[in-house]
Amino acid sequence: MRKKRVLLLSEGFGSGHTQAAYALATGLKQLSPDVQTRVIELGKFLNPVIGPLIVSAYRKTVSKQPKMVGLMYRSGYKKSLNRLTQLALHRVFYTQTSQVISQLKPDVIVCTHPVPNSVVARLKRLGLDIKLLTVITDYDAHGSWVNQEVNKYLVSTQQVKQLLVDKGISIDQVEVTGIPVHPNFWHTYEKAEVRKQFDLKAMPTVLIMGGGWGIMYEDNALEYMTKWRETTQLIFCVGSNEKMKEKMQADPLFQHPNVRIMGFTREVNKLMDASDLLVTKPGGMTCTEGMSKGIPMLFYEPIPGQEEENCEYFISNGFGEMLDSNDTVDRWFKLIHEPYASGQFRDSLLTKRNQQYDPKSCPRAVLQLMQ
């Protein structure tokens, strides 16, 4: 009997979309080993020269002109991509999509980014007969995600479901599953064991992350955190930002036995278990991973648009706070130096997580829809 095949399509505009696709693919394999999965960043796959250039340009815009990104986000918030735009995207970048689909012969296509979602929706409108599932990877529902050809939307929260319904999507087409995280985040590792693995000390520990691209702000907040380095272990994860890593390693502020500077790592799940507090940009994926670990979060510099909405959700639900002053740093750093209070707070977050989030829910929903 032929194994079921799932094609997961994403784009590289921010790492969270593709991370969600890989997380879902791995989750599907764990729950149903016979399922075959394939993850593709469609634009890069079809246009290996032009695709990365476009992503690089977007990355520079995000880091240098975030307000422009916010304006672009809000200008199209209420509208789905019109048919002329879909046609232009298809002809310029995605002409080979139907050939890819016919070669891979998936039973279902899952999109974790709005652009391939629109491309496949157009193909379905022209006669493609394959189920299309859409996983929205933030805590908001931008109009670019919306296409009537989508068979099912898998979303983060009840609020996002309502936003889609308000945009004209049938309530039966939307299921609240939470954003998928990698199965590595389904399990909790012993703090002492992880600290030993990474040669970390048994002391209050703060994990500071700059997002999937390693974009980190350069103001006095980083410097201020180092004032706690005698009593607090600081782990700076700068992702793929090698220039930032070199700059920090050369700075005397970060040259201390209790300060660790790390580049890209696939073991963030363990580092969260080793830490008592997470300081991060509020990407939908990182925030969901933090929630899955029940670690309190401080958010900095949200990109206008979806990251602001992510922030609002996690702050309003008690999972974190905006890092808007040195007083905020002091208050939270003091908390993690009080073992009982810190443990009680984390236990409360785990209870809240269990009420609101099941990390296996999204892959289970995909498997159920494939039956």
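Here we summarise the structure given alongside this text.

Parameters at a glance
The residue numbers shown here count from 1 along each chain, following its written sequence. Per-residue local features of the predicted model are confined to residues with pLDDT of at least 70, and side-chain atom pairs are confined, for both listing and counting, to 80 or more; whole-chain, interface and lining totals are unaffected and use all residues. As a rule here, side-chain values cover all heavy atoms of the structure and leave hydrogens and water aside. For two strands to be treated as a pair, DSSP must find at least two bridges joining them. Strands here mean DSSP runs of E at least two residues long; helices mean DSSP runs of H or I at least four residues long; both are numbered from the N terminus. Lines are fitted to the C-alpha atoms to define the axes, a helix being fitted only along its stretch in contact, and any angle between axes, read from their N-to-C directions, falls within 0 to 180 degrees. For this analysis, residues touch if any pair of their heavy atoms sits within 4.5 Å. Each residue's exposure class comes from its accessible area (1.4 Å probe, protein chains only) as a fraction of the maximum for that residue type: buried when under 20%, exposed when over 50%, partly exposed otherwise. N or O atoms within 3.5 Å of each other form a polar contact, as long as, within protein, one can give a hydrogen and the other can take it, and as long as residues adjacent in sequence are counted only when both atoms are side-chain atoms. Arc definition: it is the arc formed by the directions from the helix axis to the C-beta atoms. We define a salt bridge as a side-chain nitrogen of Lys or Arg found within 4 Å of a carboxyl oxygen belonging to Asp or Glu. Note on aromatic contacts: the rings of Phe and Tyr and the six-membered ring of Trp form a pair at centre separations within 6.5 Å, being stacked when their planes are under 30 degrees apart, edge-to-face when over 60 apart, and tilted otherwise. Any Lys NZ or Arg CZ found within 6 Å of a ring centre and within 35 degrees of that ring's normal is scored as a charge over the ring.

### Regarding the sheet that holds strand 5 (residues 152–155)
Pairing is parallel in the open sheet, where six strands are placed in the order 2-1-3-4-5-6. Among the strands making up the open sheet, the edge pair consists of strand 2 (36–41) and strand 6 (174–176). This sheet shows a mean twist of 20° between the axes of neighbouring strands, independent of strand direction. Where strand 4 (residues 131–135) lies against strand 5, three bridges are found, and the strand directions are parallel. Bridged to Thr 134 within strand 5 is Tyr 153. Against the sheet, helix 7 (residues 114–125) contacts strand 1 (5–10), strand 3 (108–111) and strand 4, and its axis sits at roughly 160° relative to strand 4. Where helix 17 (residues 361–370) meets the sheet, its contacts fall on strand 1, strand 3, strand 4, strand 5 and strand 6, and the angle it forms with strand 5 comes to roughly 165°.

### Some words on unusual backbone geometry
Peptide bonds are, in most cases, trans, and in most cases residues other than glycine have a negative phi. Of note in this structure, Lys 105 is not a glycine but carries a positive phi near 50°. Here Lys 105 is to be found in the loop between helix 6 (97–104) and strand 3. The phi torsion at Glu 301 lies on the positive side, around 40°, for a residue other than glycine. Mapped onto the secondary structure, Glu 301 falls in the loop between strand 11 (297–299) and helix 14 (306–316). Note on Glu 301: relative accessible area 44%, which makes it partly exposed.

### Brief notes about the sheet that holds strand 8 (residues 233–237)
Strand order in the open sheet made by the six strands is 9-8-7-10-11-12, with parallel pairing throughout. Only two strands of the sheet have a single partner each, and these edge strands are strand 9 (259–262) and strand 12 (320–322). Averaged over all pairs of adjacent strands, the angle between strand axes in this sheet comes to 20°, irrespective of strand direction. By the bridge criterion, three bridges tie strand 7 (residues 205–209) to strand 10 (residues 277–280) in an arrangement that is parallel.

### Overview of the side chain of Asn 269
Looking at the element boundaries, Asn 269 is found in helix 12 (residues 268–274). Among the residues examined, Asn 269 registers a relative accessible area of 2% and is labelled buried. In this structure the side chain of Asn 269 is engaged in a polar contact, spanning 3.3 Å, whose partner is the backbone oxygen of Asn 184. Sequence-distant contacts of Asn 269, defined by excluding residues within four places in its chain, comprise Asn 184, Phe 185, Tyr 189 and Lys 293.

### Quick look at helix 8 (residues 158–166)
Each α-helix turn comprises 3.6 residues. Residues three or four places apart therefore point the same way. Looking at helix 8, one finds that the buried residues are Val 160, Lys 161 and Leu 164. Down the axis of helix 8, the sector holding all buried residues measures 105°, keeping them to one side. What points out from helix 8, more than 90 degrees from its buried face, is the exposed set Gln 158 and Asp 166. Where helix 8 ends, the next residue or the one after it, Gly 168, has phi of about 105°, a positive value.

### Some details on the pattern of salt bridges
According to the stated counting rule, one finds eight salt bridges in the structure shown. Asp 276 serves as the salt-bridge partner of Arg 195, at 3.4 Å between the closest nitrogen and oxygen. With Arg 195 in helix 9 (residues 191–197) and Asp 276 in the loop between helix 12 and strand 10, the pair connects residues that are 81 residues apart, well separated along the chain. A single burial state applies to Arg 195 and to Asp 276, both of which are buried. A salt bridge links Arg 364 to Asp 358; the nearest nitrogen and oxygen atoms lie 2.9 Å apart. When its relative accessible area of 42% is taken as the criterion, Arg 364 is described as partly exposed. One network of salt bridges, in which partners are shared, links Lys 191, Arg 195 and Asp 276.

### A few points about the packing of aromatic side chains
Following the criterion strictly, the structure yields eight aromatic pairs and no others. Summarising the aromatic geometry, the rings of Tyr 139 and Tyr 313 are spaced 4.7 Å apart at their centres and angled 20° between planes, so their arrangement reads as stacked. Taken together, the residues span a long stretch of sequence, with Tyr 139 in the loop between strand 4 and strand 5 and Tyr 313 in helix 14 at a distance of 174 residues. Its relative accessible area of 7% is what places Tyr 139 among the buried residues. Here the aromatic cluster, defined as three or more aromatic residues joined through ring pairs, consists of Tyr 139, Phe 299, Tyr 313, Phe 314 and Phe 319. One residue, Lys 352, lies across the ring of Phe 319, its end atom 5.9 Å from the ring centre.

### Thoughts on the environment of Val 39
Considering the arrangement of structural elements, one finds Val 39 in strand 2. Overall, the relative accessible area of 14% leaves Val 39 in the buried class. As for Val 39 and Leu 8, which are separated by 31 residues in sequence, their C-alpha atoms are 4.7 Å apart. Look past the residues within four positions of Val 39 in its chain and what remains in contact with it is Leu 8, Ala 21, Tyr 22 and Ala 25.

These figures come from the coordinates and say nothing about function on their own.
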